[in-house]
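# Fold and contact review
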Amino acid sequence: MSQTNTSLLDEVVQWSQETCRRELKAVLPKLNILHHKSESWDDHIRVLKIITDMFLPHVAVSDLEKECFSQILPKAVTMFDSMMNELSMQVGGLSSQNTELCSLLRNILKSLMQIIDAMSACVRHVCSYDEVPDLLSIRTLPSCILKVLRDTFQHCKESEVVYCGRLSLVADLLQSLFKEAYTLHKALLELLDRLSLDNSASEEEVSDIVTVIHSLLDICSVISNLDMALHANTWKFLIKQSLKYQSLVEEHLHHGDISASLCDNLLASFHAAVDLAEQIKQAALQEATQSAEHKLFQKTAKMCRFFANTLVHYIKEFKTFLTKSCGRFHQMYLQIISKFPPSLCAPALPPSLSEELTAAALVPMDALVFQLLPLRPFAEVVLQEDPSLSPQHELPQCLLLANVLDQLASQPEEVLQLWHAGSQFSEETPRLPLYRAVFCSFQRCYAERKLPVSLPGVMTKGQAQAQVSLHHHVCVHLCASVAVLAPLYFPVLERCLLEATLQADTQTALLATDVWCFTARYGTAELCLHHVLLIAHLVKTCSAECYQKSHLGLLLRRMLFLMTPGHQMDFLARFPLSEAENLPIWRHVLLRALSNDARQRVEADVIALAQKVVTDWQSGGYKLGQVDKVNAVLQCLLVAVQGKSTLDERCASSAARAVTQLWQRMTAHQVQTHHVLHVTLQLLLSITALLVKNVDTPIIIQALACVDAVVSQKCADELQLAALDFLSSLGNIFIPPDNQSEIVPRLSTLFGALLAQSSSWLLHQHALEAFAHFAEVTQHEDVISYSLSVEETKSKVVNFLSKIVNTPEEVKDVRLERIQGEKIVLQQHNQKLGTPKQIPTELSSPSVTHSEPQAKRARPDNDADEEYSRNLQVAETALRALHALVTGKGATREFPPPRLRPSWLPSRLQELQVLLNEISSRTSKPT
């Protein structure tokens, strides 16, 4: 600096405030020139301090920007940058021995603080006015200060890396530098908060505000791991300014960057809180609420809650500008949900910490989904078929869809159309209908269904909240959605239900069946009838045995329970048993689902048909080509005899005659020679097991010979299961002495062989259950001992009866790995099976309109006779037991003599007599 300039500065520093005010116009331009032309940092800072401390207080408001800020602040920022660069260049040689370099670096840090102090003086001066100037009067001030603040915070954040073990040499100055910057930052935000723009603001002013917001966003990215309070306050101010000037800046803000930063900060604080919670658990500090770790966890969880709520609020205000961010919101949701139970990758945390995390991150996710529901891009990303979805996100995706189901009820029509209808045109981004997406997502959660995981159930009045399976959870949410679904979307619902029922995964088909039954139960009786007729038609047209027919048969079986008695009679009329093509339908029917009149009619028709077909087969020469027709009738006959717990004697006798006629033609040689007879044998064994008391002993001997023949060779699992049911049923009868030598040894041999086989765990388990039932009820205990002649077999049976499990319990991680392997195999298998191509495009009958559901129908009285019979049998059994006690004629135990009978017995018997008289009098009166 020249001698003249030095003299000027030396003179100026001696001036009073009055002299500075008087000479302002003449001296300030000279000082600005000196500030620009100064050659050293010290000269720059000296001039800068003189201007801000001595002359700035006297500058008129109208001249602040033109005469002062625009002249000195950009140069100050340049000088600040050069000092920072010098620090970076010289810090590598810093050491305690290099005192000269250490002194240089410390002086630079002090100079940086002087620049920040000068800028703080500028802010303090502007804030000293009663009315803050307009933005154009100070427009250089915010941008320059924000640039300096960002660089300062960045340097402090990176100090451990920059100074690399030599931080102690400058730590005191770095701490002071941070405090100065912190104070300036706070003062600037207070100043900006006092500014105000109206709708008439100029483009320059709007641009300046946008720049401020984006600069604050940049600072937020720097201070995220530096200071929690500073970080939160900066974000609060950023969002506040965005909303304050929303109408002016919403089209200029980088909404994607702001929302992305909020997501990143939310996830960072959330994962940090989860990590801290795990550390607290491992250190057993969950009860030490005053520990440093626990306090840090609470602060981090609080930051998590802040960012979650802030993001929800920001989306609410600017959702129309955030369509491109929907994919990021979706992924963030999945990541957060995956860290909470019952997700398989969720850490096990102490309940108190888990509750805090739930309040901080999980609860706001419901509000997040609510805000995003109207956005088409969000619906598109949620409802897309995404085979690349990671396994840990499959359950969160399913729970997200269940959440959407819950929240759609309060949405307007256009939002319902967006989610329920799916993509309508080829040019649209493909999206599944919501119900189909739910079923697809549920199908992918194989591991969660297999383990199974548990979720909180729906709160029921007067009952505690229980944990339920994923199937239960999704089913409840689907049914609740169906209950409020507009009639317009019932065709879409029906199609989704049919597609889910016809796909290969059995549990997904069961879920669809549950929801379909609710739909039929909740809707009108006519709609239920229409659905039953449709399902029956599909069962009828399935050409071969396949999983689709099994799934549809299950649905038909359950839907018949929901029909009115009149509609059940209509069903019988539409699908009469006299027509052979209807037989595949009736093999899937439970007769107890029918009303008394319908059931009696079906029983009579089935038995008559069975007798006719068997007779026709006999008169036709027992041709093998007619076996399929016989099998179809036997399947219906099996349904008939399964329909009652106690089959009526007339029906049982008629059915037994038809079965006996067939058994007389079945020989072990024929079964071994003709594989087509295996199905016939399987059905005969199942029917005979139910009618065993009505079957003659020679037929049982013949059946055992056939069973022996098929067990000795490889046969289908279904046939072995039927054989086990038959063998088990033999415990219910007494074998005449003359036939015991033929039956007991063979029965023992068969049980021994089936108990010893280990080709299938299912068959082995069923063999143990069948043998246990036989042993419990049989009078022929010799069979038990002969069957268990092999020590290994005896040990298996004893362990089964004692409920001893010898298989070591699987470690959770090993089990999960095994299940994931099973999932891959099943997915490949299901993909090969595929989906039927022929699916009706319109399920709703033209005669059935989708009106609003009526009140729930009462379940039809399927069989009043059965109800009376069951209760009467219970009463009769109790009375006979009481009679045995009184008379002392019990068959199995010795009863107390009369003198030990209780004194109150006569009076109680008198009360019972009165009750019986009243029942008798009521039943004798016509209804």
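Note that this is a predicted model, so its numbers are computed, not measured.

Looking only at helices and strands, one finds 42 helices and two strands in the protein. The C-alpha atoms of the protein give a radius of gyration of 43 Å, which is well past the 30 Å a tight globule of 927 residues would have. In terms of overall dimensions, the protein has C-alpha extents of about 140 × 70 × 65 Å along its principal axes. Each of the 927 residues in the protein was classed as buried or not, and the buried ones make up 48%. Taking the contacts inside the protein whose residues are at least 6 apart along the sequence as the reference set, 77% of them involve residues at least 24 apart. With an accessible surface of roughly 45800 Å², the protein has 52% of that area assigned to carbon and sulfur atoms.

Cis peptide bonds are those with omega within 30 degrees of zero, and the linkage from Pro 341 to Pro 342 qualifies with 10 degrees. Along the chain, Pro 342 falls in the loop between helix 15 (326–337) and helix 16 (351–372). For the peptide bond that leads from Leu 451 to Pro 452, omega is -10 degrees, which places it in the cis range. Structurally, the position occupied by Pro 452 is in the loop between helix 21 (446–450) and strand 1 (454–456). Positive phi is not limited to glycine here, since Lys 803 has a value of about 60 degrees.

The tally for this structure, following the rule as stated, stands at 14 aromatic pairs. Counting every residue linked through ring pairs, the aromatic cluster contains Phe 153, Phe 178 and Tyr 182. Here the guanidinium or amino end of Arg 665 rests over the ring plane of Tyr 622, the centre of that ring lying 4.2 Å away.

Within the protein, residue pLDDT values average 86, and 91% of them lie at 70 or more. Here residues 844–862 is modelled with pLDDT under 50, and outside its nearest four sequence neighbours on either side it reaches 44 contacts, counting other chains as well. Considering only residues more than four positions removed or in separate chains, one finds that residues 890–896, a stretch of pLDDT under 50, has seven contacts.

Time to look at helix 5 (residues 64–90). In this model helix 5 runs 37 Å from its N-terminal to its C-terminal C-alpha over 27 residues, within 8% of the 39 Å that 1.5 Å per residue would give. Along helix 5, the sharpest kink reaches roughly 30 degrees, centred on Ser 70 and followed within four residues by the proline Pro 74.

Summarising the element assignment, Gln 411 is placed in the loop between helix 18 (394–407) and helix 19 (413–420). Those residues within four positions of Gln 411 in sequence are excluded, and the remaining contacts are Phe 370, Leu 373, Pro 374 and Leu 416.

Relative orientation of the contacting elements helix 5 and helix 6 (residues 99–127) amounts to 155 degrees, with a least axis distance of 10 Å. The angle between the axes of helix 5 and helix 6 places the two elements in the roughly antiparallel class. Viewed along their axes, helix 5 and helix 6 form a crossing whose handedness is left-handed. Split into classes, the residues belonging to the contact of helix 5 with helix 6 amount to 21 nonpolar, three polar and one charged.

Taken as a whole and assessed by the stated rule, the structure comprises 25 salt bridges. One salt bridge in this structure joins Arg 21 and Glu 18, with 2.1 Å as the shortest N-O distance. Taken as a pair, Arg 21 and Glu 18 lie in helix 2 (residues 17–22) at a separation of three residues, close to a single helical turn. With a relative accessible area of 45%, Arg 21 lands in the partly exposed category.

What follows is about the nonpolar core. Of all hydrophobic cores here, the largest spans 289 residues; its most connected members are Phe 55, Trp 419, Phe 571 and Trp 586. Considering each element in turn, this core owes the most residues, 14 residues, to helix 6. The residues touching Phe 571, leaving out its near neighbours within four places in the chain, are Val 532, Leu 533, Ala 536, Leu 556, Leu 560, Met 563, Ile 585 and Trp 586.

For Leu 189, the location among the structural elements is in helix 9 (residues 171–194). Counting along the chain gives 145 residues from Leu 189 to Leu 334, while the straight-line C-alpha distance between them is 35 Å. Ignoring sequence-local partners within four residues, the contact set of Leu 189 consists of Leu 216 and Phe 237.

On the surface, a nonpolar cluster with roughly 470 Å² of combined accessible area is contributed by Leu 879, Leu 909, Leu 912, Leu 915, Leu 916 and Ile 919. Relative to the helices and strands, Leu 915 is located in helix 42 (residues 905–924).

Let us look at the state of the cysteines. On inspection of all chains with the given rule, the structure shows zero disulfides. Cys 68 supplies the cysteine sulfur nearest to Cys 122, a cysteine that is in no disulfide, at a spacing of 5.7 Å.

Here we come to the packing of helix 29 (residues 596–619) against helix 30 (residues 627–642). Running from N to C, helix 29 and helix 30 cross one another at 155 degrees; their axes reach a closest spacing of 9 Å. Judged on the interaxial angle alone, helix 30 and helix 29 are roughly antiparallel. Of the two possible hands of crossing, helix 29 and helix 30 adopt the one that is left-handed. Contacts between helix 29 and helix 30 involve Val 606, Ile 607, Leu 609, Ala 610, Val 613 and Trp 617 on the former and, on the latter, Val 627, Lys 629, Val 630, Val 633, Cys 636, Leu 637 and Ala 640. Residues that form the contact of helix 29 with helix 30 fall into these classes: twelve nonpolar, no polar and one charged.

The first and last C-alpha atoms of helix 9 sit 35 Å apart over 24 residues, in line with the 34 Å expected at 1.5 Å per residue. Restricting attention to buried positions, one finds in helix 9 the residues Leu 173, Leu 174, Leu 177, Phe 178, Ala 181, Leu 184, His 185, Leu 188, Leu 189, Leu 191 and Leu 192. Along its buried surface, helix 9 packs onto helix 6, helix 7 (140–157), helix 8 (159–163), helix 10 (203–223) and helix 11 (228–244).

Along the polypeptide, Leu 197 turns up in the loop between helix 9 and helix 10. With 589 residues separating them along the chain, Leu 197 and Tyr 786 place their C-alpha atoms 99 Å apart. Sequence-distant contacts of Leu 197, that is, excluding residues within four places in its chain, are made with Leu 135, Glu 205, Ile 209, Tyr 245 and Leu 248.

With that settled, consider the environment of Gln 740. Positionally, Gln 740 belongs in helix 36 (residues 737–756). Considered as a pair, Gln 740 and Ile 701 are 39 residues apart in the sequence and their alpha carbons are 9.9 Å apart. Beyond its immediate stretch of four places on either side in the chain, Gln 740 contacts Phe 734, Ile 735, Pro 745 and His 780.

Reading the values: the criteria
- Position labels on residues start from 1 in each chain and follow its written sequence.
- Only residues with pLDDT of at least 70 get local features here, since the model is predicted, and only at 80 or more are side-chain atom pairs given and counted; chain-wide, interface and lining totals rely on the full set of residues.
- Excluded from the side-chain calculations are hydrogens and water; all other atoms, namely the structure's heavy atoms, are used.
- Each helix is a run of DSSP H or I of at least 4 residues and each strand a run of E of at least 2, with the numbering of both proceeding from the N terminus.
- Only the C-alpha atoms count toward the radius of gyration. The rule for a globule is 2.2 Å times the residue count to the power 0.38.
- Only protein chains enter the accessibility calculation, which uses a 1.4 Å probe. A residue is then buried if its area is under 20% of the maximum for its type, exposed if over 50%, and partly exposed in between.
- Every residue pair with non-hydrogen atoms within 4.5 Å of one another is taken to be in contact.
- In these tables, accessible area is a Shrake-Rupley quantity obtained with a 1.4 Å probe, and a residue counts as shielded only by the protein chains included in the view.
- Here is the rule: rings of Phe, Tyr and Trp (six-membered ring for Trp) pair when centre to centre is within 6.5 Å. Planes less than 30 degrees apart are stacked, more than 60 are edge-to-face, and the remainder are tilted.
- When the NZ atom of lysine or the CZ atom of arginine is within 6 Å of a ring's centre and also within 35 degrees of its normal, the charge is said to sit over that ring.
- Per-residue confidence from the prediction method is given by pLDDT, with values spanning 0 to 100.
- The span you would expect from a helix comes to 1.5 Å times its residue count less one.
- One axis fitted to the seven residues ending at a residue, another fitted to the seven starting there: the angle between these axes is the bend at that residue.
- Angular values range over 0 to 180 degrees, each being the angle between N-to-C directions of two axes fitted as lines to C-alpha atoms, with helices fitted over their stretch in contact.
- Angles are sorted into four bins: roughly parallel if under 35 degrees, roughly antiparallel if over 145, roughly perpendicular if 65 to 115, and oblique for all others.
- Handedness of each helix crossing follows the sense of rotation of the near helix against the far helix: counterclockwise by less than a right angle gives left-handed, clockwise gives right-handed.
- Side-chain classes follow a simple rule in which Ala, Val, Leu, Ile, Met, Phe, Trp, Tyr, Cys and Pro form the nonpolar group, Asp, Glu, Lys and Arg form the charged group, and the remainder, Gly included, forms the polar group.
- By definition, a salt bridge exists where a carboxyl oxygen of Asp or Glu is found within 4 Å of a side-chain nitrogen of Lys or Arg.
- Here the nonpolar core consists of buried residues drawn from Ala, Val, Leu, Ile, Met, Phe, Trp, Tyr and Cys, with membership extended through side-chain atoms lying within 4.5 Å.
- Only residues whose relative accessible area exceeds 30% and that form no salt bridge enter a patch; like-charged residues are grouped when within 9 Å of one another, and nonpolar side chains (Val, Leu, Ile, Met, Phe, Trp, Tyr) when within 5 Å.
- By disulfide we mean two sulfur atoms from cysteines, separated by a distance within 2.5 Å.

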